[in-house]
Amino acid sequence: MKTKHKVIISAAVILILTATSVFSIVAEKLPQYRKIVVTSTSRRTMGQTINIQGYIEPFAKQEINVDTNQKVDEVYIKEGQDVKAGELLFKVDDTDLAYKLRAEELSLKAAKADLSNLLKSESKDKKDLSFAVTQAEIEYNNTLDEYNYAAIRCDDNQKLYAEGFISKEELDTGLRNLSKMKSTMNMLEMQLDKAKESLNNYADERQQQLDKQKSSIELIQMNIDNLNSKIDISTKALINGKVIRCKLQNGQYPSVEDGKIEIYDLSHYVINTYIKQNEAVQVMEGQKAAIVITGLEQKTYLGTVVDIEDSATMNQSGSKVPMVKIKIAIDEPDQNVKVGFETKVGLDLNIRTDVVAIDFQGIVEDYNGNKFVYLFKDSKVTRKPIKTGIEDGFWVEIIEGLIPGDQYILNPPERVQKESSFKLWSFGYELK
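Cut-off values and rules
- Residues numbered from 1 in each chain as written.
- Predicted model: local features only at pLDDT ≥ 70, side-chain atom pairs only at ≥ 80, totals over all residues.
- Heavy atoms only, no water.
- Salt bridge = Lys/Arg side-chain N within 4 Å of Asp/Glu carboxyl O.
- Helix = DSSP H or I, 4+ residues; strand = E, 2+ residues; numbered from the N terminus.
- Buried < 20%, exposed > 50% of the residue type's maximum accessible area, 1.4 Å probe, protein only.
- Expected span 1.5 Å × (residues − 1).
- Patch = residues over 30% accessible without salt bridge, like charges linked within 9 Å, V, L, I, M, F, W, Y side chains within 5 Å.
- Areas by Shrake-Rupley, 256 points an atom, 1.4 Å probe, with all protein chains shown as cover.
- Lys, Arg positive; Asp, Glu negative; His and termini not counted.
- Charge placed at Lys NZ, Arg CZ, Asp CG, Glu CD.
- Phe/Tyr/Trp six-rings, centres within 6.5 Å; stacked < 30°, edge-to-face > 60°.
- Lys NZ or Arg CZ within 6 Å of the ring centre and 35° of its normal.
- pLDDT = per-residue confidence, 0-100.
- Contact = heavy atoms within 4.5 Å.
- Polar contact = N/O pair within 3.5 Å; in protein donor to acceptor, adjacent residues only side chain to side chain.
- Core = buried A, V, L, I, M, F, W, Y, C linked by side-chain atoms within 4.5 Å.
- Pairing = 2+ DSSP bridges.

Looking at the pattern of salt bridges
Link 1 in the chain: Taken as a whole and judged by the stated rule, the model has 10 salt bridges.
Link 2 in the chain: Between Asp-354 and Arg-43 there is a salt bridge, with its nearest N and O atoms 3.8 Å apart. On the criterion of sequence distance, the pair formed by Asp-354 in strand 11 (residues 342–359) and Arg-43 in strand 2 (residues 42–65) is long-range, its members being 311 residues apart.
Link 3 in the chain: The shortest N-O distance in the salt bridge between Asp-334 and Lys-299 comes to 2.7 Å. You can see Asp-334 sitting in the loop between strand 10 (323–330) and strand 11 and its partner Lys-299 sitting in the loop between strand 8 (288–293) and strand 9 (301–313), a full 35 residues away along the chain.
Link 4 in the chain: What makes Lys-299 partly exposed here is its relative accessible area of 36%.
Link 5 in the chain: A single salt-bridge network, built from bridges that share partners, covers Arg-245, Glu-257 and Lys-260.

And the structure:
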(Lines give C-alpha, C1' and ligand atoms only; values in the text may rest on other atoms or scores of the structure.)
Protein backbone atom coordinates (compact mmCIF):
# COMPACT_ATOMS: atom_id res chain seq x y z
CA MET A 1 0.00 0.00 0.00
CA LYS A 2 2.77 2.38 0.91
CA THR A 3 4.53 1.43 -2.28
CA LYS A 4 1.43 2.31 -4.33
CA HIS A 5 1.18 5.71 -2.67
CA LYS A 6 4.83 6.37 -3.40
CA VAL A 7 4.28 5.54 -7.07
CA ILE A 8 1.30 7.90 -7.29
CA ILE A 9 3.20 10.68 -5.57
CA SER A 10 6.19 10.20 -7.87
CA ALA A 11 3.94 10.30 -10.96
CA ALA A 12 2.25 13.46 -9.72
CA VAL A 13 5.60 15.14 -9.17
CA ILE A 14 6.77 14.20 -12.65
CA LEU A 15 3.50 15.51 -14.17
CA ILE A 16 3.81 18.78 -12.31
CA LEU A 17 7.42 19.21 -13.43
CA THR A 18 6.47 18.42 -17.05
CA ALA A 19 3.56 20.87 -17.02
CA THR A 20 5.79 23.53 -15.50
CA SER A 21 8.36 23.03 -18.26
CA VAL A 22 5.71 23.21 -21.03
CA PHE A 23 4.17 26.33 -19.49
CA SER A 24 7.62 27.90 -19.23
CA ILE A 25 8.32 27.19 -22.91
CA VAL A 26 4.92 28.55 -23.95
CA ALA A 27 5.35 31.56 -21.71
CA GLU A 28 8.76 32.14 -23.25
CA LYS A 29 7.52 31.83 -26.85
CA LEU A 30 4.15 33.54 -26.44
CA PRO A 31 5.42 37.15 -26.47
CA GLN A 32 7.01 36.46 -29.86
CA TYR A 33 3.61 35.74 -31.41
CA ARG A 34 1.23 38.02 -29.57
CA LYS A 35 2.01 40.98 -31.91
CA ILE A 36 1.00 39.04 -35.02
CA VAL A 37 -2.37 40.34 -36.23
CA VAL A 38 -4.64 38.46 -38.64
CA THR A 39 -7.24 40.41 -40.60
CA SER A 40 -9.37 39.97 -43.72
CA THR A 41 -9.49 41.44 -47.21
CA SER A 42 -12.47 43.64 -48.00
CA ARG A 43 -14.15 45.40 -50.89
CA ARG A 44 -13.77 49.18 -51.01
CA THR A 45 -14.13 52.23 -53.21
CA MET A 46 -10.64 53.56 -53.93
CA GLY A 47 -9.01 56.41 -55.80
CA GLN A 48 -5.89 58.51 -56.01
CA THR A 49 -5.87 62.12 -54.89
CA ILE A 50 -3.56 64.72 -56.42
CA ASN A 51 -2.87 67.99 -54.62
CA ILE A 52 -2.10 71.04 -56.71
CA GLN A 53 -1.70 74.74 -56.07
CA GLY A 54 -3.33 77.66 -57.80
CA TYR A 55 -4.53 81.22 -57.33
CA ILE A 56 -8.08 82.51 -57.33
CA GLU A 57 -8.93 84.47 -60.47
CA PRO A 58 -12.07 86.05 -61.91
CA PHE A 59 -14.06 83.88 -64.31
CA ALA A 60 -12.93 86.17 -67.14
CA LYS A 61 -10.97 89.39 -67.38
CA GLN A 62 -10.27 92.09 -69.94
CA GLU A 63 -7.11 94.16 -69.91
CA ILE A 64 -6.69 97.28 -72.06
CA ASN A 65 -3.46 99.21 -72.52
CA VAL A 66 -4.18 102.62 -74.00
CA ASP A 67 -1.42 103.89 -76.30
CA THR A 68 0.51 106.68 -74.59
CA ASN A 69 0.49 108.54 -77.91
CA GLN A 70 -3.32 108.58 -78.00
CA LYS A 71 -5.16 111.48 -76.46
CA VAL A 72 -8.20 110.47 -74.41
CA ASP A 73 -11.17 112.70 -75.24
CA GLU A 74 -13.68 111.40 -72.72
CA VAL A 75 -13.90 108.64 -70.10
CA TYR A 76 -17.29 106.97 -69.46
CA ILE A 77 -16.38 104.60 -66.61
CA LYS A 78 -14.87 104.64 -63.13
CA GLU A 79 -13.40 102.06 -60.78
CA GLY A 80 -16.00 99.83 -59.13
CA GLN A 81 -18.56 100.38 -61.89
CA ASP A 82 -20.37 97.41 -63.48
CA VAL A 83 -20.23 97.29 -67.29
CA LYS A 84 -21.76 95.08 -69.95
CA ALA A 85 -20.15 93.60 -73.04
CA GLY A 86 -20.21 96.12 -75.90
CA GLU A 87 -20.46 99.13 -73.61
CA LEU A 88 -18.26 102.10 -74.61
CA LEU A 89 -15.56 102.69 -72.00
CA PHE A 90 -13.81 105.79 -73.30
CA LYS A 91 -13.29 107.80 -76.46
CA VAL A 92 -9.93 108.72 -77.97
CA ASP A 93 -8.93 111.48 -80.33
CA ASP A 94 -8.65 109.38 -83.48
CA THR A 95 -7.72 112.15 -85.92
CA ASP A 96 -4.17 110.87 -86.43
CA LEU A 97 -5.30 107.26 -86.44
CA ALA A 98 -7.98 108.00 -89.04
CA TYR A 99 -5.36 109.65 -91.27
CA LYS A 100 -3.02 106.67 -90.93
CA LEU A 101 -5.91 104.29 -91.58
CA ARG A 102 -6.85 106.13 -94.78
CA ALA A 103 -3.23 106.04 -95.97
CA GLU A 104 -2.99 102.30 -95.33
CA GLU A 105 -6.28 101.70 -97.14
CA LEU A 106 -4.95 103.54 -100.21
CA SER A 107 -1.72 101.53 -100.03
CA LEU A 108 -3.76 98.33 -99.89
CA LYS A 109 -5.76 99.34 -102.94
CA ALA A 110 -2.56 100.10 -104.92
CA ALA A 111 -0.92 96.83 -103.83
CA LYS A 112 -3.95 94.82 -104.95
CA ALA A 113 -3.90 96.61 -108.32
CA ASP A 114 -0.21 95.74 -108.75
CA LEU A 115 -0.97 92.12 -107.98
CA SER A 116 -3.78 92.10 -110.54
CA ASN A 117 -1.50 93.56 -113.21
CA LEU A 118 1.16 91.03 -112.35
CA LEU A 119 -1.30 88.20 -112.85
CA LYS A 120 -2.52 89.63 -116.18
CA SER A 121 1.00 90.14 -117.55
CA GLU A 122 1.96 86.48 -117.41
CA SER A 123 1.13 85.66 -121.05
CA LYS A 124 2.85 88.77 -122.49
CA ASP A 125 6.01 88.37 -120.39
CA LYS A 126 6.38 84.75 -121.41
CA LYS A 127 5.89 85.61 -125.08
CA ASP A 128 8.56 88.32 -124.86
CA LEU A 129 11.04 85.87 -123.36
CA SER A 130 10.26 83.23 -126.00
CA PHE A 131 10.73 85.85 -128.77
CA ALA A 132 14.08 86.87 -127.28
CA VAL A 133 15.26 83.23 -127.39
CA THR A 134 14.14 82.85 -131.02
CA GLN A 135 15.83 86.08 -132.06
CA ALA A 136 19.07 85.09 -130.33
CA GLU A 137 19.02 81.69 -132.03
CA ILE A 138 18.59 83.28 -135.47
CA GLU A 139 21.44 85.72 -134.96
CA TYR A 140 23.72 83.00 -133.63
CA ASN A 141 22.93 80.58 -136.47
CA ASN A 142 23.47 83.27 -139.14
CA THR A 143 26.82 84.17 -137.65
CA LEU A 144 27.75 80.49 -137.41
CA ASP A 145 27.02 80.02 -141.15
CA GLU A 146 29.12 83.06 -142.00
CA TYR A 147 31.95 81.79 -139.80
CA ASN A 148 31.92 78.36 -141.42
CA TYR A 149 32.00 79.91 -144.89
CA ALA A 150 34.88 82.21 -143.88
CA ALA A 151 36.78 79.24 -142.43
CA ILE A 152 36.53 77.44 -145.81
CA ARG A 153 37.77 80.56 -147.62
CA CYS A 154 40.75 80.75 -145.25
CA ASP A 155 41.65 77.13 -146.02
CA ASP A 156 41.52 77.90 -149.74
CA ASN A 157 43.66 81.00 -149.28
CA GLN A 158 46.28 78.88 -147.52
CA LYS A 159 46.58 76.74 -150.67
CA LEU A 160 46.54 79.73 -153.01
CA TYR A 161 49.26 81.43 -150.96
CA ALA A 162 51.40 78.32 -151.05
CA GLU A 163 51.13 78.24 -154.83
CA GLY A 164 51.87 82.00 -155.11
CA PHE A 165 48.48 83.11 -156.37
CA ILE A 166 47.78 85.55 -153.45
CA SER A 167 49.95 87.73 -151.24
CA LYS A 168 50.77 87.29 -147.55
CA GLU A 169 48.73 90.43 -146.77
CA GLU A 170 45.60 88.96 -148.38
CA LEU A 171 46.09 85.76 -146.38
CA ASP A 172 46.49 87.65 -143.06
CA THR A 173 43.42 89.82 -143.75
CA GLY A 174 41.28 86.70 -144.18
CA LEU A 175 42.58 85.18 -140.92
CA ARG A 176 41.88 88.39 -138.96
CA ASN A 177 38.30 88.51 -140.30
CA LEU A 178 37.82 84.88 -139.26
CA SER A 179 39.01 85.65 -135.71
CA LYS A 180 36.60 88.59 -135.40
CA MET A 181 33.72 86.43 -136.58
CA LYS A 182 34.70 83.81 -133.97
CA SER A 183 34.48 86.41 -131.19
CA THR A 184 31.12 87.67 -132.46
CA MET A 185 29.81 84.10 -132.60
CA ASN A 186 30.91 83.42 -128.97
CA MET A 187 29.15 86.58 -127.77
CA LEU A 188 25.94 85.64 -129.58
CA GLU A 189 26.13 82.16 -128.08
CA MET A 190 26.30 83.64 -124.57
CA GLN A 191 23.33 85.90 -125.32
CA LEU A 192 21.37 82.86 -126.49
CA ASP A 193 22.21 80.93 -123.31
CA LYS A 194 21.13 83.89 -121.20
CA ALA A 195 17.83 84.21 -123.06
CA LYS A 196 17.14 80.48 -122.56
CA GLU A 197 18.02 80.76 -118.86
CA SER A 198 15.63 83.71 -118.40
CA LEU A 199 12.85 81.72 -120.04
CA ASN A 200 13.56 78.67 -117.89
CA ASN A 201 13.70 80.74 -114.68
CA TYR A 202 10.60 82.71 -115.53
CA ALA A 203 8.24 80.53 -113.46
CA ASP A 204 10.38 80.73 -110.28
CA GLU A 205 11.03 84.47 -110.59
CA ARG A 206 7.36 85.14 -111.28
CA GLN A 207 6.32 83.11 -108.22
CA GLN A 208 8.76 85.10 -106.11
CA GLN A 209 7.22 88.33 -107.38
CA LEU A 210 3.73 87.07 -106.60
CA ASP A 211 4.72 85.93 -103.09
CA LYS A 212 6.40 89.26 -102.38
CA GLN A 213 3.34 91.20 -103.52
CA LYS A 214 0.97 89.01 -101.50
CA SER A 215 3.14 89.44 -98.38
CA SER A 216 3.04 93.19 -98.86
CA ILE A 217 -0.76 93.06 -99.02
CA GLU A 218 -0.93 90.95 -95.85
CA LEU A 219 1.33 93.38 -93.99
CA ILE A 220 -0.80 96.37 -95.01
CA GLN A 221 -3.96 94.51 -93.94
CA MET A 222 -2.40 93.79 -90.54
CA ASN A 223 -1.65 97.49 -90.11
CA ILE A 224 -5.25 98.32 -91.00
CA ASP A 225 -6.60 95.77 -88.50
CA ASN A 226 -4.31 97.15 -85.81
CA LEU A 227 -5.46 100.70 -86.43
CA ASN A 228 -9.11 99.64 -86.42
CA SER A 229 -8.61 97.87 -83.10
CA LYS A 230 -7.17 101.03 -81.59
CA ILE A 231 -9.98 103.18 -82.93
CA ASP A 232 -12.93 100.97 -82.02
CA ILE A 233 -12.60 97.55 -80.41
CA SER A 234 -10.17 98.47 -77.63
CA THR A 235 -12.53 101.20 -76.35
CA LYS A 236 -15.39 98.76 -75.66
CA ALA A 237 -16.02 96.18 -72.96
CA LEU A 238 -15.76 92.63 -74.27
CA ILE A 239 -17.21 90.99 -71.15
CA ASN A 240 -19.79 91.64 -68.45
CA GLY A 241 -17.95 92.60 -65.30
CA LYS A 242 -16.70 95.21 -62.85
CA VAL A 243 -14.10 97.89 -63.53
CA ILE A 244 -11.22 97.05 -61.19
CA ARG A 245 -8.72 99.58 -62.52
CA CYS A 246 -9.14 102.80 -64.50
CA LYS A 247 -7.03 105.96 -64.10
CA LEU A 248 -7.82 107.63 -67.44
CA GLN A 249 -8.61 111.34 -67.43
CA ASN A 250 -10.45 113.45 -69.98
CA GLY A 251 -8.25 115.35 -72.43
CA GLN A 252 -5.02 113.69 -71.29
CA TYR A 253 -2.31 111.54 -72.84
CA PRO A 254 -2.07 108.58 -70.40
CA SER A 255 1.16 107.31 -68.91
CA VAL A 256 2.00 103.62 -69.14
CA GLU A 257 0.52 102.94 -65.68
CA ASP A 258 -2.52 105.20 -66.02
CA GLY A 259 -3.28 103.72 -69.44
CA LYS A 260 -4.16 100.30 -67.97
CA ILE A 261 -7.81 99.31 -67.64
CA GLU A 262 -8.87 96.02 -65.99
CA ILE A 263 -12.37 94.54 -65.99
CA TYR A 264 -13.15 91.36 -64.00
CA ASP A 265 -16.11 89.04 -64.42
CA LEU A 266 -16.75 88.16 -60.76
CA SER A 267 -19.89 86.13 -61.42
CA HIS A 268 -17.69 83.13 -60.62
CA TYR A 269 -14.32 82.67 -58.98
CA VAL A 270 -12.01 80.20 -60.69
CA ILE A 271 -8.61 78.62 -60.18
CA ASN A 272 -6.41 78.10 -63.22
CA THR A 273 -3.77 75.48 -62.59
CA TYR A 274 -1.74 72.82 -64.37
CA ILE A 275 -1.67 69.04 -64.02
CA LYS A 276 0.45 66.36 -65.66
CA GLN A 277 -0.64 64.76 -68.91
CA ASN A 278 -1.21 61.33 -67.34
CA GLU A 279 -3.42 63.00 -64.70
CA ALA A 280 -5.32 65.16 -67.20
CA VAL A 281 -6.60 62.13 -69.12
CA GLN A 282 -8.40 61.03 -65.93
CA VAL A 283 -10.07 64.39 -65.26
CA MET A 284 -13.47 65.28 -66.71
CA GLU A 285 -15.44 68.51 -66.92
CA GLY A 286 -18.02 68.52 -64.14
CA GLN A 287 -15.74 66.63 -61.75
CA LYS A 288 -15.69 67.92 -58.18
CA ALA A 289 -12.62 69.20 -56.32
CA ALA A 290 -11.80 70.08 -52.70
CA ILE A 291 -10.39 73.60 -52.28
CA VAL A 292 -8.62 75.02 -49.25
CA ILE A 293 -7.55 78.68 -49.08
CA THR A 294 -4.15 79.28 -47.52
CA GLY A 295 -4.69 80.72 -44.05
CA LEU A 296 -8.29 79.46 -43.91
CA GLU A 297 -7.53 75.75 -43.58
CA GLN A 298 -10.47 75.20 -41.24
CA LYS A 299 -12.87 75.36 -44.20
CA THR A 300 -12.95 73.32 -47.39
CA TYR A 301 -14.75 74.74 -50.42
CA LEU A 302 -16.26 72.57 -53.13
CA GLY A 303 -15.27 73.27 -56.72
CA THR A 304 -16.12 72.01 -60.21
CA VAL A 305 -13.82 71.45 -63.19
CA VAL A 306 -15.31 73.71 -65.88
CA ASP A 307 -12.63 73.63 -68.57
CA ILE A 308 -9.74 71.43 -69.72
CA GLU A 309 -7.48 72.80 -72.43
CA ASP A 310 -7.12 70.74 -75.60
CA SER A 311 -3.34 71.08 -75.78
CA ALA A 312 -0.42 70.54 -73.39
CA THR A 313 2.62 72.71 -72.71
CA MET A 314 6.14 72.13 -71.40
CA ASN A 315 6.67 75.63 -70.06
CA GLN A 316 5.17 75.47 -66.59
CA SER A 317 7.59 75.58 -63.63
CA GLY A 318 10.36 74.00 -65.67
CA SER A 319 8.43 70.74 -65.93
CA LYS A 320 9.94 68.10 -68.20
CA VAL A 321 6.58 66.41 -68.78
CA PRO A 322 3.61 67.82 -70.73
CA MET A 323 1.31 69.89 -68.52
CA VAL A 324 -2.37 70.61 -69.19
CA LYS A 325 -4.18 73.71 -67.98
CA ILE A 326 -7.51 73.19 -66.19
CA LYS A 327 -10.02 75.67 -64.78
CA ILE A 328 -11.88 74.95 -61.53
CA ALA A 329 -14.84 77.10 -60.44
CA ILE A 330 -15.60 77.58 -56.74
CA ASP A 331 -19.20 76.43 -56.30
CA GLU A 332 -20.32 78.57 -53.35
CA PRO A 333 -17.82 81.37 -52.66
CA ASP A 334 -18.25 83.53 -49.56
CA GLN A 335 -16.79 86.84 -48.38
CA ASN A 336 -13.43 85.17 -47.68
CA VAL A 337 -12.84 84.35 -51.34
CA LYS A 338 -10.66 87.04 -52.95
CA VAL A 339 -8.93 87.31 -56.31
CA GLY A 340 -5.24 86.50 -55.92
CA PHE A 341 -5.58 84.25 -52.87
CA GLU A 342 -3.42 81.12 -52.89
CA THR A 343 -5.25 77.79 -52.73
CA LYS A 344 -4.59 74.08 -52.48
CA VAL A 345 -6.81 71.90 -54.64
CA GLY A 346 -7.44 68.17 -54.20
CA LEU A 347 -8.68 66.13 -57.17
CA ASP A 348 -9.72 62.49 -56.91
CA LEU A 349 -8.50 60.46 -59.88
CA ASN A 350 -8.95 56.92 -61.07
CA ILE A 351 -11.95 56.21 -58.82
CA ARG A 352 -12.67 52.47 -58.61
CA THR A 353 -15.60 50.86 -56.84
CA ASP A 354 -15.98 47.43 -55.27
CA VAL A 355 -12.28 46.51 -55.51
CA VAL A 356 -10.46 44.00 -53.29
CA ALA A 357 -8.13 45.87 -50.95
CA ILE A 358 -5.76 45.17 -48.04
CA ASP A 359 -3.74 47.22 -45.59
CA PHE A 360 -0.32 48.11 -47.03
CA GLN A 361 1.34 46.70 -43.88
CA GLY A 362 0.42 43.19 -44.97
CA ILE A 363 2.45 43.36 -48.21
CA VAL A 364 6.01 42.05 -48.35
CA GLU A 365 8.29 42.66 -51.33
CA ASP A 366 11.41 40.65 -52.17
CA TYR A 367 14.64 41.83 -53.79
CA ASN A 368 13.23 41.17 -57.29
CA GLY A 369 10.23 43.41 -56.73
CA ASN A 370 7.79 40.52 -56.35
CA LYS A 371 4.97 41.21 -53.90
CA PHE A 372 3.18 38.71 -51.69
CA VAL A 373 1.14 38.35 -48.51
CA TYR A 374 0.94 35.66 -45.86
CA LEU A 375 -2.43 33.96 -46.29
CA PHE A 376 -3.88 32.44 -43.11
CA LYS A 377 -6.18 29.42 -43.16
CA ASP A 378 -6.79 26.60 -40.69
CA SER A 379 -3.90 27.66 -38.42
CA LYS A 380 -1.51 27.49 -41.39
CA VAL A 381 0.20 30.48 -42.96
CA THR A 382 1.17 30.33 -46.66
CA ARG A 383 3.05 32.93 -48.68
CA LYS A 384 0.83 34.00 -51.61
CA PRO A 385 2.07 36.06 -54.62
CA ILE A 386 -0.15 39.05 -55.47
CA LYS A 387 -0.46 41.80 -58.06
CA THR A 388 -1.37 45.27 -56.85
CA GLY A 389 -3.12 48.26 -58.41
CA ILE A 390 -3.72 51.76 -57.14
CA GLU A 391 -3.00 52.98 -53.63
CA ASP A 392 -5.29 55.12 -51.52
CA GLY A 393 -3.82 56.12 -48.18
CA PHE A 394 -3.20 52.92 -46.19
CA TRP A 395 -5.11 50.75 -48.64
CA VAL A 396 -3.75 48.92 -51.70
CA GLU A 397 -5.85 47.44 -54.50
CA ILE A 398 -5.31 43.72 -55.11
CA ILE A 399 -5.68 42.84 -58.79
CA GLU A 400 -4.70 39.19 -58.50
CA GLY A 401 -4.02 36.70 -55.71
CA LEU A 402 -6.75 37.37 -53.11
CA ILE A 403 -10.53 37.36 -52.90
CA PRO A 404 -12.84 39.14 -50.44
CA GLY A 405 -12.78 37.50 -47.02
CA ASP A 406 -9.30 35.97 -47.30
CA GLN A 407 -7.44 36.22 -43.99
CA TYR A 408 -3.87 37.46 -44.02
CA ILE A 409 -1.20 38.53 -41.56
CA LEU A 410 -1.30 42.29 -41.19
CA ASN A 411 2.25 42.67 -39.89
CA PRO A 412 4.36 39.61 -40.75
CA PRO A 413 7.49 39.63 -38.50
CA GLU A 414 10.87 39.57 -40.18
CA ARG A 415 11.65 36.20 -38.59
CA VAL A 416 8.98 34.50 -40.76
CA GLN A 417 9.29 36.49 -44.00
CA LYS A 418 11.75 33.99 -45.46
CA GLU A 419 9.39 31.08 -44.79
CA SER A 420 7.01 29.89 -47.51
CA SER A 421 4.65 28.46 -44.87
CA PHE A 422 4.42 27.85 -41.14
CA LYS A 423 1.97 26.91 -38.37
CA LEU A 424 0.33 29.61 -36.27
CA TRP A 425 -1.39 28.37 -33.09
CA SER A 426 -4.42 30.10 -31.66
CA PHE A 427 -2.49 31.63 -28.78
CA GLY A 428 0.08 33.11 -31.21
CA TYR A 429 -2.10 35.76 -32.96
CA GLU A 430 -5.09 38.03 -32.56
CA LEU A 431 -7.92 38.70 -34.98
CA LYS A 432 -8.61 42.23 -36.14
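Quick look at helix 4 (residues 168–200)
Residues three or four positions apart in an α-helix share a direction because the helix packs 3.6 residues into each turn.
Link 1 in the chain: With 33 residues, helix 4 extends 48 Å from end C-alpha to end C-alpha; this agrees with the ideal 48 Å at 1.5 Å per step.
Link 2 in the chain: Along helix 4, the residues that are buried comprise Leu-171, Gly-174, Leu-178, Met-181, Met-185, Leu-188, Leu-192 and Ala-195.

Regarding a negative patch on the surface
Link 1 in the chain: A cluster of acidic side chains, namely Asp-73, Glu-74, Asp-93, Asp-94 and Asp-96, defines a negative patch on the protein surface.
Link 2 in the chain: If you trace the backbone, Asp-94 turns up in the loop between strand 5 (90–92) and helix 2 (95–120).
Link 3 in the chain: A relative accessible area of 32% means that Asp-94 is categorised as partly exposed.

Some details on the packing of aromatic side chains
Link 1 in the chain: Within the structure shown, the criterion is met by two aromatic pairs.
Link 2 in the chain: Note on Phe-360 and Phe-394: the rings are 5.7 Å apart at their centroids and 25 degrees apart in plane angle, and the pair reads as stacked. One end of the pair, Phe-360, is in the loop between strand 11 and strand 12 (364–365); the other, Phe-394, is in the loop between strand 14 (380–392) and strand 15 (395–400), with 34 residues separating them in the sequence.
Link 3 in the chain: According to the relative accessible area criterion, Phe-360 is partly exposed, its value standing at 39%.
Link 4 in the chain: Between Phe-372 and Tyr-374, the ring centres sit 6.0 Å apart and the planes meet at 85 degrees, which makes this aromatic pair edge-to-face. Considered together, Phe-372 and Tyr-374 belong to a single accessibility category, that of buried residues.
Link 5 in the chain: Here the guanidinium or amino end of Lys-327 rests over the ring plane of Phe-59, the centre of that ring lying 5.1 Å away.
Link 6 in the chain: The lysine or arginine in question, Arg-383, covers the ring of Phe-372, its NZ or CZ lying 4.7 Å from the ring centre.

Structural notes on the confidence of the model for the chain
Link 1 in the chain: Looking at the chain, pLDDT values average 82 and 87% of them are 70 or higher.
Link 2 in the chain: Contacts from residues 15–34, a stretch scored under 50 in pLDDT, to residues over four places away or in other chains number eight contacts.

Focus on the side chain of Asn-272
Link 1 in the chain: Note that Asn-272 resides in strand 7 (residues 260–276).
Link 2 in the chain: The exposure class assigned to Asn-272 is buried, which follows from its relative accessible area of 17%.
Link 3 in the chain: Among the polar contacts made by the side chain of Asn-272, one reaches the side chain of Glu-57 at a distance of 2.8 Å.
Link 4 in the chain: What Asn-272 contacts, discounting residues up to four positions off in sequence, is Gly-54, Tyr-55, Glu-57, Lys-325, Ile-326 and Lys-327.

Overview of the nonpolar core
Link 1 in the chain: If you look at the biggest cluster of nonpolar residues, it comprises 22 residues, and the most contacted ones within it are Ile-330 and Leu-347.
Link 2 in the chain: Elements with a contribution of two residues or more to this core: strand 2, strand 7, strand 8, strand 9, strand 10 and strand 11.
Link 3 in the chain: Core analysis: the second largest hydrophobic core is formed by 16 residues, Val-66, Ile-77, Leu-89 and Leu-248 among them.

Some details on the environment of Ser-130
Link 1 in the chain: On the secondary structure map, Ser-130 appears in helix 3 (residues 122–162).
Link 2 in the chain: With relative accessibility at 30%, the residue Ser-130 sits in the partly exposed group.

A short note on the pairing of strand 10
Taken residue by residue, a regular strand's side chains alternate between the two faces of the sheet.
Link 1 in the chain: Of all eight residues in strand 10, seven are buried; the element is thus mostly enclosed.
Link 2 in the chain: Pairing analysis gives seven bridges linking strand 7 to strand 10, with the strands arranged antiparallel. Bridging from a neighbouring strand, Asn-272 pairs with Lys-327 of strand 10.

Points about unusual backbone geometry
Link 1 in the chain: You will see that Asp-354, though not glycine, has its phi angle at about 55 degrees, which is positive.
Link 2 in the chain: Given a relative accessible area of 48%, Asp-354 falls into the partly exposed group.
Link 3 in the chain: Of note in the backbone geometry, Ser-379 takes a positive phi value of approximately 65 degrees without being a glycine.
Link 4 in the chain: Tracing the chain through its elements places Ser-379 in the loop between strand 13 (371–377) and strand 14.
Link 5 in the chain: Judged by relative accessible area, which is 26%, Ser-379 ranks as partly exposed.

Points about helix 2
Link 1 in the chain: Look at helix 2: 38 Å from first C-alpha to last across 26 residues, which is about the 38 Å you get at 1.5 Å a residue.
Link 2 in the chain: Those residues of helix 2 lying buried are Leu-97, Leu-101, Leu-108, Ala-111, Leu-115 and Leu-118.

Considerations on a nonpolar patch on the surface
Link 1 in the chain: On the surface, Ile-244, Leu-266 and Val-339 cluster together into a nonpolar patch covering about 190 Å² of accessible area.
Link 2 in the chain: One can find Ile-244 in strand 6 (residues 241–245).

Remarks on the side chain of Glu-397
Link 1 in the chain: Among the structural elements, Glu-397 can be located in strand 15.
Link 2 in the chain: By relative accessible area, Glu-397 is classed as buried at 8%.
Link 3 in the chain: Of note is the side chain of Glu-397, whose polar atom sits 2.7 Å from the side chain of Arg-352.
Link 4 in the chain: Residue contacts for Glu-397: discarding those within four places in its chain leaves Met-46, Arg-352, Val-355, Val-356, Ala-357, Lys-387, Thr-388, Gly-389 and Ile-390.

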